[in-house]
Amino acid sequence: ESTESRHMQVGSDGHYLFEGLPAGIVSLNAWGTSVQSRKGMTAELGDNEVLHLDLLLYGGATLNCMLQNIPSDRQAFVMVVPGEASLALPLSQTSLMEASKNSVQAGQVAPDGTVTLSGIDPGDYTVIAIAFTLTAGAPDFENSSVATKNVSAVGEEIIPVNIAF
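Caption draft 1: Spatial organisation of the pairing of strand β4 (residues 75-82). Counting buried positions along β4 yields six of eight residues, so the element is predominantly enclosed. As judged from the eight bridges shared by β4 and strand β7 (residues 123-135), these two strands associate in the antiparallel manner. Paired with Gln75 across the two strands is Phe132, which belongs to β7. Note that β4 and strand β5 (residues 105-108) share four bridges and pair antiparallel.

Quick look at the structure:
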């Protein structure tokens, strides 16, 4: 199993082309002009297959997340995962990385407990909130708290998402 990373800027028409990729799981991540406009997807690429992936960075639903009861000694972030999802405690760096591979959006929660995630395509999602402590400046996920909320996005709408720990 090979792991390789390639970067490119899309052309003025919004297109890109990666050639010579090996068969296997392909993860595509794209960023717009702000961190809030990040999208990603994963697909299976077969031998000698041409794969067409479309990512829409702008438009779609906006999730206005409000996290409540975050312990005062913790910071928090959220990720939006397609379908129903959960994370088992205690979290590990591996389980967190696996979940983030499937996320379509993620963001750091502000001190007031809010985060806004835009450009969510229509569909059903789980918003996963993780509150964690910092140990020697690094996140300590083993002692973190997790809360989830299922949401459905239909179009260009604003969806309030209230999550309590």
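Caption draft 2: Looking closely at the layout of surface pockets. The space that makes up the second largest pocket amounts to roughly 180 Å³. Breaking the lining of the second largest pocket down by element, the ones donating at least two residues are β2 (38-45) and α1 (93-102). With four residues, β2 is the largest single contributor of residues to the lining of the second largest pocket. Its residues placed into classes, the lining of the second largest pocket shows six nonpolar, four polar and three charged.

Caption draft 3: Examining the pattern of salt bridges more closely. By the definition in use, this model includes two salt bridges. One salt bridge connects Asp73 with Arg74, and the closest N-O pair in it is separated by 3.8 Å. Residue classification places Asp73 among the exposed residues on the basis of a relative accessible area of 53%. For Lys101, the salt bridge is made with Glu98, and the minimal N-O distance between the two is 3.3 Å. Residue Lys101 and its partner Glu98 are both found in helix α1; the two are separated by three residues, about one turn of the helix. Residue classification places Glu98 among the partly exposed residues on the basis of a relative accessible area of 43%.

Reading guide: rules and limits
Residues numbered from 1 in each chain as written. Predicted model: local features only at pLDDT ≥ 70, side-chain atom pairs only at ≥ 80, totals over all residues. Heavy atoms only, no water. Buried < 20%, exposed > 50% of the residue type's maximum accessible area, 1.4 Å probe, protein only. Helix = DSSP H or I, 4+ residues; strand = E, 2+ residues; numbered from the N terminus. Pairing = 2+ DSSP bridges. 1 Å grid on protein atoms, 1.4 Å probe; cavity = no way out; pocket = protein on both sides within 12 Å on 5 of 7 lines; lining within 4 Å. Points joined across faces, edges and corners; volume = space filled by probe spheres on them. Nonpolar A, V, L, I, M, F, W, Y, C, P; charged D, E, K, R; others polar. Salt bridge = Lys/Arg side-chain N within 4 Å of Asp/Glu carboxyl O.

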